[in-house]
Each structure stands twice: as structure tokens, then as C-alpha cells.
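Chain by chain, the residues:
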Amino acid sequence: MLGKLFFVFLKIGFISFGGGYAVIPMIEREMNHRGWVDAHEFQKIVSLAGMSPGPIATNSATLIGFDLAGFPGAIVATIGMVLPSLLIVILIVAFCMRYQRNGQVKASFYGLRPIVTGLIIYAALHFGFLSHSETLFTWSTLMTLLISIGCLYAILKYKLHPIVVIVASGLVGIILF
Amino acid sequence: MIPQLRAKLTILAQIFWVFFRIGPSSFGGGYAMIPVIEREVVQKRGWLGQEDISDLVSVAGTAPGGVGVNSAVFIGYRKAGVAGACMAVLGITLPTFAIVFLLSVFYLYFENNPKIAAALKGIHGAIIALILLAAFKMVKTSIFDVATTVIVIAALGMLIFTSIHPIYVIASGVIAGILIVGAKERMGLNVRMEKETTPSSEQLLFPEYYI
């Protein structure tokens, strides 16, 4: 189990362009495919990972590893997730520092950036609303939607820090649900 | 030999400590961390020159993985080789790992508490908002012509309506980028591969998609 956990997150780590949110659909796909974490459990994991400081992708790896194989699992999954960053950045700095000036690399990112954007939008939609197979507009999804809109308003208009918004919506959750 | 070793260990300890302190403050995202790293590493300690920051930002942003971890590797490696890079990653990962670990143990005990479950449901809404915010910022930086608009719509379509693995969606983006830029160049068109940034809009355009 530990070996499998390590290699799955190593694989995800190597393709985790765009960092955090864009990686969520990838993690979910791998977990679902293997039957390790179901959709409902995954939502809870993303909520917990998102409210913790630090990168959401690595946090999710830690939580899933812990969920599946205890403390050793958490360590193995986290290492799998950050190891590719370590290797690739060292290789770039050591051998091809000027690679970003390369036209092919620029052209690749011209195509890659909209894909990352698509992955993040998909993460929001899927994580928010589409993963419930029941009726789309239950009272609970409606309340979630309202909380999301309230949070967006608070962050954009009043420049509130994300942590304030997270604590506030936790309190609102206690009142509503 | 011994003083050299001691100097090396001192620098490794310093690298660890710097990133250990920056790690938990990374709430709010990767690119938001760059100014904090810059203050600590360029201005306070002089490990990097100001001119290295643009290299740091572009390497950290393009390599897979988060901007925070990638920046840590970049700086650690520049300062003290592979050992430095490892210490930097350890430093930046350890605090958040500990927090997440404690949180999951805590959650395990209170999972069935209705108040905690309700709070988590509320937080779920807040996390959706943060993801949407990141998406909104990414749209502003990455969608600026017909081709990029088509690519983002195609990517969403593939993700929502088919069961293609995201890895192929990513690969098709790279291929599309190379083909489109190649075709435009052959037709003699002026190719713009990045959104032009004015200094005042730069802050806005830093995509904070890494939280």
C-alpha cells in the first residue's frame, strides 16, 4: 500500500502544472479510479486541505495518505507529491536556466495556461455542485452557493483575508446546517 | 576541513529555518509568497540578487508543483547545492505537514459531532469561493485571444463531458500551443504568447492559484 501510495502521488506530482487547485481533478480521478476515496469523502478532504495553510495539493496528499495508511501513509504521499518539484527545479537551475527563453517552451505554455485555467474552473464546478448525484437544487446546495457568493463578495469588495472568510463560513455553517 | 563543514551545516540550518518560518504563512497562495521570500532572501540575507527574482518567478511558475516549494528548491540549490534544496523543501513542508496532520487527527475524533460537520459544510462553500477566485485570476492572465479562448472551452468540455484523464488534457494543451504558435509564425502573423503586462497591472495579474 505504501509503495502504491508513493507512486500515485509521484505521478500526480510530475504533472502538477499550475500548482494547487488545478491538481484537484487529477487527484480525484486517481482516487476514484482506484476506489481509494469516494466522492463524498473527497469533498471533505478538499475542504480540510483548503482550510489549512500551505499548498492544497500537498495538503490533500497528506490527508489522503493518512486516511489510507496512517502516519507512514501521510509521509509517503507527501514526499511523492513534492519530490518531482525538487528534481525538476534542480535540473532546470543546474542545466537549462535559459530554457524559458526557448520559443518551444513559451509556445507550450501558451497552450498549457488555458488548460490549467480549465482545470481550475472544473475543480470549482465539480467540487461545488456537480458531484452530488441527487437533485441539483437542494436546500443544502443552495446554502453552499449563497455562502460561496458571500465569500467572493467579502474577498473582492472588502479585501478580507481568506482565513477570516473561512472561519466566518464555518460559523455560518454551524448556524445553517 | 572541520570549519568548512561547520560553515556548511550552519548555512543548511539557516536555509531550513528561513523556509520553516515562511511555510505556514503561505496561506493565500504561491505568488503571494514571492514578496515575502524576496524580503527574507534578497533584502535581509543577500542570498540572491534582485536580478535573480525574475528567474525565480519564471522557474517556480513553470515547473510542475507549487510556486512555494519550487521557489524553496531554487533558492536552496543556488545557496548550498542538492543538500540545500532538500533542507529548503523540508523546511517549507514540515510546518504545514504537521498542521494538516494534527487537523486530520482532530477531525477523526470529532467527525461525528454535528457542529463540526456543519462547520465543515460552511467551509466547503468558502473553499469553492477561493477556487473560483483563483479561476477568475487565471482567466485574466491566460485568456487573451481566440486560440486561448477555444482551448479553455475545449478543456472544460473534455473534462465535464468525457472521461479522458486530465493528463491527456494537459498534453493536448502543450501540443496545441506548439502547433498554433508554429502555424501563426508560418503565416507570418505576429505571435503574442503572453499577456502584456504593465507595471501597475502586474500585481493583479499574478495568478494566486496556488493555495
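Residues numbered from 1 in each chain as written. Chains lettered and ligands numbered in written order. Predicted model: local features only at pLDDT ≥ 70, side-chain atom pairs only at ≥ 80, totals over all residues.

Moving on: the overall build of chain A. Within chain A one finds 7 helices and 0 strands. The linear arrangement of helices and strands in chain A, starting from the amino end, is α-α-α-α-α-α-α. Summarising its shape, the C-alpha atoms of chain A cover approximately 55 × 40 × 30 Å along the three principal directions. Burial statistics for chain A: of 177 residues in total, 51% are counted as buried. Across chain A, the fraction of contacts at a sequence separation of at least 24, relative to all contacts at a separation of at least 6, is 56%. (Helix = DSSP H or I, 4+ residues; strand = E, 2+ residues; numbered from the N terminus. Buried ≥ 20, exposed ≤ 12 C-beta atoms within 10 Å, placed from the backbone. Contact = placed C-beta atoms within 7 Å.)

This part takes up the domain arrangement of chain A. Domain boundaries assigned for chain A yield domain 1 (2-133) and domain 2 (134-177). Of note, the centres of domain 1 of chain A and domain 2 of chain A, computed from C-alpha atoms alone, are 25 Å apart. (Domains from an automatic or database assignment.)

With that settled, consider the interface of chain A and chain B. With 83 residues of chain A at the interface, the matching set in chain B holds 80 residues. Those elements giving two or more residues to the side of chain A that touches chain B turn out to be helix 1 (2-14), helix 2 (24-34), helix 3 (39-51), helix 4 (56-95), helix 5 (103-130), helix 6 (139-158) and helix 7 (162-176) of chain A. Sort the elements by how many residues they give to the side of chain A that touches chain B and helix 5 of chain A lands first, with 22 residues. Among the residues making up the side of chain A that touches chain B, the classes are represented as 52 nonpolar, 27 polar and 4 charged. (Nonpolar A, V, L, I, M, F, W, Y, C, P; charged D, E, K, R; others polar.)

Averaged over all residues, the pLDDT of chain A equals 86, while 90% of them reach at least 70. Model confidence for chain A, summarised as mean pLDDT per element, is weakest for helix 5 of chain A at 83 and strongest for helix 1 of chain A at 94. (pLDDT = per-residue confidence, 0-100.)

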